[in-house]
Amino acid sequence: MKFKIIKYGSIKSTNDKAIDFIKSGKITPSIILAKKQTSGKGRYGKKWTSLKGNIFLTFFFQIESKKKISTLLKKNVKLLQQILSKYVNRNIKIKYPNDLLIQKKKICGILQETIFYRKKKFLIVGVGLNTVKSPIISGYPTTFLDKFKKKKINNSLIFNDIKRCFEKNFL
């Protein structure tokens, strides 16, 4: 099975849109991809600054109700670390529970949520990835992949690698 891709130019939040789809009964495993988020979010209601040109996506799909979200988050963070390591000349470190860092600066944040709909459990995995720009956040250093590239950063290639990896590991 493959993820259905749903693209937006600008959207408030890819995770919120996934929740809307699930609650409306549109529960086919999907990826929401946006060029820009106007109200991106992180853990504990923190804002995720979404600069145009970077990657903002959310996967959503049904999971077994017994699956622990913490186990899935560890798996997702490791998968993204492996994928992104192909593109840069630096070590990508995991800052648990949900960040990826290069030289102690954030390049990627992952926001996982679960929702129950019609007695079924769904996993929502949001990914904000700084590929070509990094936001300036007071007290939290950030960076972007293109700064450490092995080869020219291409968001489409990175997206396709992420999509294939998630299809292989979850569907």
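Quantities reported herein were computed from a predicted structural model and do not represent experimental measurements.

Undergrad: Can you tell me about helix α1 (residues 14-23), naming the residues and giving the values?
TA: Those residues of α1 that fall on the buried side of the exposure criterion are Thr14, Asn15, Ala18, Ile19, Phe21 and Ile22. Here the buried residues of α1 occupy an arc of 160° about the axis, which is enough to place them on one side. For α1, the elements touching its buried residues are β1 (4-11), β2 (30-37), β3 (55-63), β6 (105-117) and β7 (120-129). Residue Ser13 occupies the N-cap position of α1, its side-chain oxygen lying 3.3 Å from the main-chain nitrogen of Asn15. Immediately downstream of α1, the backbone of Gly25 shows phi near 90°, a positive value.

Undergrad: Describe the layout of surface pockets, naming the residues involved and giving the relevant values.
TA: Its volume calculated, the second largest pocket comes out at about 350 Å³. Around the second largest pocket sit 14 residues that line it, and Leu33, Ala34, Lys35, Asn155 and Ser156 are the ones nearest its centre. Going through the elements one at a time, β1, β2 and α3 (155-170) are the ones with two or more residues in the lining of the second largest pocket. Residue composition of the lining of the second largest pocket, by class: 5 nonpolar, 6 polar and 3 charged.

Undergrad: Go over the side chain of Lys163 with me, naming the residues and quoting the values.
TA: Turning to its location among the elements, Lys163 is positioned in helix α3. Within polar-contact distance, the side chain of Lys163 engages the side chain of Glu167 at 2.7 Å.

Undergrad: Break down the pairing of β1 for me, citing the residues and quoting the values.
TA: With 7 bridges connecting them, β1 and β2 associate as parallel partners. Residue pairing in the sheet places Ile6 in a bridge with Ile32 of β2. The β-α-β motif built from β1, the intervening α1 and the parallel element β2 has right-handed crossover chirality.

The rules behind the values
- Residues numbered from 1 in each chain as written.
- Predicted model: local features only at pLDDT ≥ 70, side-chain atom pairs only at ≥ 80, totals over all residues.
- Heavy atoms only, no water.
- Buried < 20%, exposed > 50% of the residue type's maximum accessible area, 1.4 Å probe, protein only.
- Helix = DSSP H or I, 4+ residues; strand = E, 2+ residues; numbered from the N terminus.
- Arc of directions from axis to C-beta.
- Contact = heavy atoms within 4.5 Å.
- Polar contact = N/O pair within 3.5 Å; in protein donor to acceptor, adjacent residues only side chain to side chain.
- 1 Å grid on protein atoms, 1.4 Å probe; cavity = no way out; pocket = protein on both sides within 12 Å on 5 of 7 lines; lining within 4 Å.
- Points joined across faces, edges and corners; volume = space filled by probe spheres on them.
- Nonpolar A, V, L, I, M, F, W, Y, C, P; charged D, E, K, R; others polar.
- Pairing = 2+ DSSP bridges.
- Right-handed = clockwise from strand over helix to strand, strands pointing away.

Geometry only, nothing functional implied.
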